[in-house]
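Take a look at the letters that make up each chain.
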Amino acid sequence: MINKTTCLLVCLWWFAPATWGQSEELAGKIEALIAEKLDEYSDVGISVYDLTAQQPLYNYRGEKLCRPASTMKLLTTVAAISRPEADEPFRTEVWYKGTIEHDTLRGDLYVVGGFDPEFDDTGLQALTDAVITLPFSVIDGYVYGDVSMKDSIYFGSGWAWDDNPSYYHPYLSPLMLHKGYTRVTAIPGERGDTARLECEPASTYYTVTNETRSRTNSAGKFIVSRNWLENGNNVVVKGNVDTRRSGTVNIHDSGRFFMHTFLDRLQEQGMIITKGYAFEELIKDDAAKHITTFESPMQTVIGEVLKRSDNLGAETLLYRVAAQATGKKRVSAEDGLLQLNQLVEKIGHEPERYRLADGSGLSDYNYLSPDLLVDLLKYSYQRTDLFQKLYKALPIAGIDGTLRNRMKSGKAYKNVHAKTGSIGGIFTLAGYLKTSDGHELAFAIMNQNVRSSTKARDFQDAVCELLCE
């Protein structure tokens, strides 16, 4: 008679070879992809975990330290949406101090920055409309910008100087307008004529030099830049405009860009401001009177951070986490990075093993590992409220965000929800995918020292297709 122990041993013996063979087969296929699709001098780290079965599925140098590029945004986002105050919107406020006599405010107006990365012309118009409805058309004083939320360091640690003046390299300030850049659109005219230019947002803070030529190949490539080495804001547009074209350029000193343009809008509405604008912290005492508040929802911000890989939004999340955790009025990037390191420790890793430099991954000083990213994704998956916010904001393969042009067919199509990353020879991908048999997987693929972006992305897509199958 066979007892229960003998029966269990027989079952384990019977099924073990099949399970082991399946793991060996998967490993063999992925390693064949590594040999086939990647340069032998590049590196890669891969970690895959089966969330449904609650067990590791595949690992190839998963502990390897890698530069994460924009997959760094996963860590920053999870830290932000894990906070008890996660659903609080980003706020930009307008206050005044002084007395209203007849048609004049004898005092000052204050705009208090809350580091809203989505504040644009709509927000600026909302603030303008609220101010001009007040019973005065003269401000006999200053319009102050309150940028006291953060320190005065306007770039992240390790940001490359020659990425300036790209739109993705914003000058950080608690008062941001249009993500700190302007978009120039050129509309061609008759052959040889200068093109007509439209700028968004319109502002007298910057000037524009138009050196374009319509439908003239000899004019060269269409370029939008500015005299950034001098910290100047003369936007230069040059080159051939044979069809409607557009380009972007960041603007030096986002706080001043905001305030200058706000005064433009007020003055366009007939407001007279006797002393211009300056910067000063608002003390919210009994003399301070609230006028209006403009808000941007948190889910909108993290959608931009993850789907569009918005660097500004990620940095604002870093400072927001710092402010919420410390309760301090003025915070620094280091305050935020401390909170990210605490999250690293919470998910079971030693912060000393890694290096965190900024919130967006734009810095080459960041070092994470595939295993860390997968454990972060596991942690998020186990918390329903957190997972729903994160999953909703991730790019979907073949559909939207930075994955809209990848994995547009096959099993991976629509079944991969993941964050991309790319910076100077670094290409990364981390997120969730669903297999054909309904299992949910968390994965991270981190290619390093890559000469061909096409090869790296093709490799990542092929691994995802294999896992989905």
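Reading guide: rules and limits
For every chain, the first residue of the written sequence is number 1, and numbering continues from 1 onward in sequence order. Whole-chain, interface and lining totals are the exception, using all residues; otherwise, since this is a predicted model, local features are given only for residues with pLDDT of at least 70 and side-chain atom pairs are given and counted only at 80 or more. Excluding hydrogens and water, the side-chain values take into account all heavy atoms of the structure. What is meant by a nonpolar core is a set of buried Ala, Val, Leu, Ile, Met, Phe, Trp, Tyr and Cys residues, joined one to another through side-chain atoms within 4.5 Å. Burial classes follow relative accessibility: with a 1.4 Å probe on protein chains only, a residue under 20% of its type's maximum area counts as buried, one over 50% as exposed, and anything between as partly exposed. Counting from the N terminus, the helices are the DSSP runs of H or I reaching at least four residues and the strands are the DSSP runs of E reaching at least two. Contacts between residues were defined by any pair of non-hydrogen atoms, one from each residue, lying within 4.5 Å. Note on pairing: two strands pair once DSSP finds at least 2 bridges between them. Convention adopted: a line fitted to C-alpha atoms gives each axis, helices being fitted over their contacting stretch, and angles between N-to-C directions are expressed from 0 to 180 degrees.

A. Representation of the nonpolar core in the model. The biggest cluster of nonpolar side chains holds 55 residues, and the ones touching the most others in it are Leu-75, Leu-317, Leu-340, Leu-343, Leu-368, Leu-390 and Tyr-432. Counting residues per element, the ones that place at least two in this core are helix H2 (72-81), helix H5 (298-307), helix H6 (311-326), helix H7 (333-346), helix H8 (370-381), helix H9 (384-393), strand E17 (426-434) and strand E18 (440-448). Contact partners of Leu-317, with chain neighbours within four places excluded, come to Thr-76, Thr-77, Ala-80, Phe-90, Met-298, Val-301, Ile-302 and Val-305. Residues Leu-127, Val-237, Val-241 and Met-271 belong to the second largest nonpolar core, which totals 37 residues.

B. Spotlight on the pairing of strand E1 (residues 43-50). Taking burial as the measure, the eight residues of E1 include seven buried ones, the bulk of the element. As judged from the eight bridges shared by E1 and E18, these two strands associate in the antiparallel manner. Paired with Tyr-49 across the strands is Ala-442, a residue of E18. Taking the residues between adjacent antiparallel strands as the criterion, E1 and strand E2 (residues 55-60) are bridged by four residues, where Gln-54 takes a positive phi near 60°.

C. Inspection of the sheet that holds strand E8 (residues 196-200) at higher detail. The three strands lie next to each other as E8-E7-E12, forming an open sheet whose pairing is antiparallel. With one partner strand each, in any of the chains shown, E8 and strand E12 (245-250) form the two edges of the open sheet. Here the strands of the sheet are splayed against their neighbours by 20° on average, with no regard to which way each runs. Here strand E7 (residues 181-187) pairs with E12 via six bridges, running antiparallel. Across the sheet, Thr-182 pairs through a bridge with Val-249, a residue of E12.

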